[in-house]
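In case you want the letters, here they are:
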Amino acid sequence: MDSLLLQISQLVRKASDASDPELQLREIVDSISGMFAVDVCSVYLLNEKNEPTLYASHGLITDNPVSLSEGRGLIGKAIQTKSIVNVANAAQEDEFELVPNTGELRFKSFCAVPLIKQGNCLGGLVVQSKKAEVLAPHLEALLVTIAAQLAWLIPDQKVLEKYTPVNLTLSGLKGAGGLAIGDVHLLSLPTLEQVKVEKAPDNEDTLSEWQRVKSLVNDQLKAEKQQMAQQSITGEVIGIFDMYQLLLEDSAFNHAVNQELGLGYSLAGAVKKTIMGFVETFEAIEDEYLSSRAEDLIHLGNKIIRVIYEVEGKIHTIPDHPVVLFAREVSVSDIALFQDGQIQAILCSEGSLLSHTAILANALGIPALLGLGAQFLPEENERVIVDADNSKLIRFPSNALCREYETLKQQQFDEFEKLKELRDLPAVTQDGIRVNLLANSGLLNDLEPSLKSGAEGVGLYRTEIPFMSCSAFPSEQEQATIYRELFSTFGDLPVYMRVLDIGGDKQLPYFPINDEQNPALGWRGVRFCLDNTAIFRSQLVAMLQASEGYHGLHILAPMVSSLEQIRSFKSLIGESIDLLQGKGHEIKRPKVGCMIEVPAAISQIPVWAEELDFISIGSNDLCQYLLSVDRNNPRVASLFDSTHPAVLHEIKRIVQFAESASLDICLCGEMASDPRSVVMLIGLGIKKLSLGAAQLPRIKKLIRSLNYKDCSKLVIRLSGIPTSEGIKREIDAYLEKVLA
Ligand code: PEP
Ligand code: MG
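Residues numbered from 1 in each chain as written. Chains lettered and ligands numbered in written order. Predicted model: local features only at pLDDT ≥ 70, side-chain atom pairs only at ≥ 80, totals over all residues. Heavy atoms only, no water.

Our focus in this paragraph is the overall build of the chain. Helices and strands together make up the secondary structure of the chain, namely 26 helices and 23 strands. Here the C-alpha atoms of the chain give a radius of gyration of 28 Å, agreeing with the 27 Å that 2.2 N^0.38 yields for 740 residues. Counting over 740 residues, the chain shows a buried share of 52%. Relative to all contacts within the chain whose residues are 6 or more apart in sequence, the contacts with residues 24 or more apart total 67%. For the chain, the exposed area adds up to about 32,400 Å²; of that, 50% sits on carbon and sulfur atoms. For the chain, the distance from the average position of its 68 positive side-chain charges to the average position of its 96 negative side-chain charges is 6 Å. (Helix = DSSP H or I, 4+ residues; strand = E, 2+ residues; numbered from the N terminus. Rg over C-alpha atoms; globule rule 2.2 N^0.38 Å. Buried < 20%, exposed > 50% of the residue type's maximum accessible area, 1.4 Å probe, protein only. Contact = heavy atoms within 4.5 Å. Areas by Shrake-Rupley, 256 points an atom, 1.4 Å probe, with all protein chains shown as cover. Lys, Arg positive; Asp, Glu negative; His and termini not counted. Charge placed at Lys NZ, Arg CZ, Asp CG, Glu CD.)

Quick look at the structure:
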């Protein structure tokens, strides 16, 4: 209880300090839902017509302000009677009224307390949970206490509608460092979520338009299904397409759409209303199978909406000026829509520092701020400052602030130009230890920048990235053409090509694997490759064929956890070599290695060593699995910590095992571009790092100022420090000395 009281006083303090009313409401709902461990916390304020209007929510969809009529619903009752409504199952109450398009039906329990200021009721504070139980009396009392304090802080509805903030600062997660000042462009492949449900002034032809849209969606589904079948993919995945087609023709579904159209809604609005209605019904069913079908409905809805927008000619056009790109998530195919250099920065409401968007942004040297939250919805052409180095986004910046940031940007540019002078100098420590710096790549347009940055080869080529920008699995020949570019750019320098590492956060649009409870532990990396040998063989053949005439090919297996996987992997490589040699190609045997990113792999290095030529530490996944912290979840991003004592301990073991077995070792995760981690890695004896080209010159400069012997002594001291904070402090003290 004491700690709850402390949290309440902190919440009240934070809410009173918030620089803008919207942010203040967001702070309140997020904090209360965490504090009370409930699924939903919402603030309703009375609008001019005295209608309870949902202004902010943690847990409910709030893409359009939704109101109930005056006094209606359980929230209306709490406000009108200025009393608490605390029930176990809201939908069973006589006064219950669904707040539409919010996904509310999923939640059963409901407790509303009025927000009363000087005797006037401004609105209500509501908490809801999936579990049907009344809020415990002591929690109800706490909610009343909080509401009493918040009523004095919460802005009234008029303030919220008129407020225009200046220099409003939001914090996000740094996906890729850098600074940009520019205008937002909303990259909206429209989704169901973004559609505004509104009546269309003229919707006479919509019935025939609906028929046309359905037949186009159907054609798309057929084509996608056919592509899958051609890739020998059957079973569950094909089943999804059948189900989509059935839903599209379902009579209840069509009847509901027609009814909404009859009421005058636009086609997109009618589809959204219908789908959301079905989703709410499905989600309310206590059957795991049926409730998970709600997700399929949303996928189908997104497909339909895209076709509607195409038919209506509303698909967005790409501007011809520089942009700060905003989307929920940005994929490689989105980036490909823009000219080189046109994207000044990337902003995403989802994702975190190790998500694929972050990796792409790093590879391309584009500043990126991720995990800005679903509530962040900027306007098209809105001016922003993206200060990714400090994880900050500044909305509505003043002219004076823009000028200051322009100066800073120029300084950074000058420094970067100076770093280019290091291009042909080796990465060598003060006491003569030579470190190889290679580039992480995945896009053809990052190859030239990698070479220019002074990379001594490609230390990690993520082959899933080109796969992501295709609309079906690329053919062997298409792959070979792409891979050949790598060799023609890097000649005989080493090129570490990692085989397809999909699954987890890396989804292919044409092969979604989205029915897993724990995708990070699911059908990923080498597991997927070995289960889909047709796809995998064609990739191996393409790699080997592309490398003909060059000496640098290294083939790398991701997510390996057993010796059997390594043996199967090698045997498929052997078969592919035989096949090509049989056709007269001169193929040399490539070096073969595996990623060390599953913790179980560490102790197995001595056993696997005789099968392998090298290992590569995938520190992104290794940290994720060692610390059990989802690398994509902004909520736990602060726990993802590469200076954690356990990470240091395990990397030390990996290096010792590799040295004893004389295995070549590289590290290709994001640790290679983090200065603190680099000090640690050099001290541990790692002499090959692979990182984004944009970061490479900075890391080279750092290595040239380090002393290897001092770093190894430092690492011995670090091994005795039990906290990450302590480790960071000690490294910082060393860095301060060497960089002074
Ligand atoms: C890693 O896991 O560290 C890695 C380099 O691979 P990816 O980030 O592509 O999973
Ligand atoms: Mg990985």
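Summed over the entire model, instances satisfying the criterion amount to 0 disulfides. The closest cysteine sulfur to the non-disulfide-bonded cysteine 594 is located on cysteine 668, 11 Å from its own sulfur. Lacking any disulfide linkage, cysteine 668 is separated from the closest cysteine sulfur, that of cysteine 666, by 5.8 Å. (Disulfide = S-S within 2.5 Å.)

Take the pairing of strand S10 (residues 323–327) next. Summarising burial for S10: 5 of the 5 residues are buried, a large majority. Across the two faces of S10 the burial is the same, with Val323, Leu325 and Ala327 and Val324 and Phe326 all buried. Looking at chain direction, strand S9 (residues 179–186) and S10 are connected through 3 bridges and run parallel. Residue pairing in the sheet places valine 184 in a bridge with valine 324 of S10. In this sheet, strand S11 (residues 343–348) lies alongside S10 in parallel orientation, the contact comprising 5 bridges. Each bridged residue has a counterpart across the sheet, and for leucine 325 the counterpart in S11 is isoleucine 346. (Pairing = 2+ DSSP bridges.)

Evaluation of the coordinates by the stated rule reveals 12 aromatic pairs. The interplanar angle of 40° and the centroid separation of 6.2 Å between the aromatic rings of phenylalanine 511 and tryptophan 523 together place this pair among those described as tilted. Taken as a pair, phenylalanine 511 in the loop between strand S18 (495–498) and helix H17 (525–531) and tryptophan 523 in the loop between S18 and H17 lie far apart in primary sequence, 12 residues in all. These aromatic residues form a ring-pair network of at least three members: Phe467, Phe473, Tyr510, Phe511, Trp523 and Phe528. (Phe/Tyr/Trp six-rings, centres within 6.5 Å; stacked < 30°, edge-to-face > 60°.)

Across the sheet, which stays open at both edges, the 6 strands sit in the order S3-S2-S1-S6-S5-S4 with antiparallel pairing between neighbours. With one partner strand each, in any of the chains shown, strand S3 (66–67) and strand S4 (85–87) form the two edges of the open sheet. Here 2 bridges tie strand S2 (residues 52–58) to S3, and the two strands are oriented antiparallel to one another. Its bridge partner lying in S3, leucine 54 is registered against valine 66. Across the sheet, helix H2 (residues 21–35) is in contact with strand S1 (40–46), S2 and strand S6 (120–129); its angle to S2 comes to roughly 60°. Against the sheet, helix H4 (residues 137–150) touches S4, strand S5 (109–117) and S6, its axis set at about 35° to S5. (Axes fitted to C-alpha atoms, helices over the stretch in contact; angles between N-to-C directions.)

So, on to the site of ligand 1. Near ligand 1 lie 15 residues; those nearest to it are Arg462, Arg498, Lys506, Asn620 and Arg631. With respect to ligand 1, the side chain of arginine 498 contributes an N or O atom lying 2.8 Å from an oxygen atom. In this structure, an oxygen atom belonging to ligand 1 sits 2.7 Å away from a main-chain N or O atom of asparagine 620. For the shell around ligand 1, the element with the most residues is helix H21 (residues 619–627), which contributes 3 residues. Of the residues belonging to the shell around ligand 1, the class tally is 4 nonpolar, 4 polar and 7 charged. (Near = heavy atom within 4 Å. Polar contact = N/O pair within 3.5 Å; in protein donor to acceptor, adjacent residues only side chain to side chain. Nonpolar A, V, L, I, M, F, W, Y, C, P; charged D, E, K, R; others polar.)

Take the coordination of the magnesium ion (ligand 2) next. Note on the magnesium ion (ligand 2): its protein donors are Glu597 (OE) and Asp621 (OD). The metal-donor distances range over 2.1 to 2.2 Å. In this pair, glutamate 597 sits in the loop between strand S20 (591–596) and helix H20 (599–608) while aspartate 621 sits in helix H21, placing the two residues 24 residues apart along the sequence. Each member of the pair, glutamate 597 as well as aspartate 621, is classed as buried. (Donors = N, O, S within 2.8 Å, 3.2 Å for Na, K, Ca; no water.)

Let us look at the pairing of S2. Most of S2 is tucked away, with 5 of its 7 residues classed as buried. The pairing of S1 with S2 spans 6 bridges and is antiparallel. From the neighbouring strand, tyrosine 44 faces S2, where its bridge partner is leucine 54. Between S1 and S2, which pair antiparallel one after the other, the connecting turn spans 5 residues, and asparagine 50 there sits at a positive phi close to 65°.

This part is about the sheet that holds strand S7 (residues 168–171). The 8 strands are arranged S7-S14-S13-S9-S10-S11-S12-S8 in an open sheet whose pairing can be described as mixed. Two strands bound the open sheet, and with one partner strand each, they are S7 and strand S8 (173–176). On average, adjacent strands in this sheet sit at an angle of 30° to one another, irrespective of strand direction. Two strands pair when backbone bridges link them, and strand S13 (residues 383–387) and strand S14 (residues 392–395) are joined in this way by 4 bridges, in the antiparallel orientation. When the sheet's bridge partners are listed, valine 384 is paired in S14 with arginine 395.

Another point: the domain arrangement of the chain. For the chain, the assigned domains read domain 1 (2–160), domain 2 (170–397) and domain 3 (427–739). Each partner contributes residues to the interface: domain 1 has 15 residues there, and domain 2 has 14 residues. Interface area, domain 1 with domain 2, both sides summed: about 1,200 Å², of which 48% is carbon and sulfur. Connecting domain 1 to domain 2 are 0 salt bridges. Counting across the domain 1 and domain 2 interface gives 2 residue pairs in polar contact (both at pLDDT 80 or more). (Domains from an automatic or database assignment. Buried area = accessible area lost by both parts, 1.4 Å probe. Salt bridge = Lys/Arg side-chain N within 4 Å of Asp/Glu carboxyl O.)

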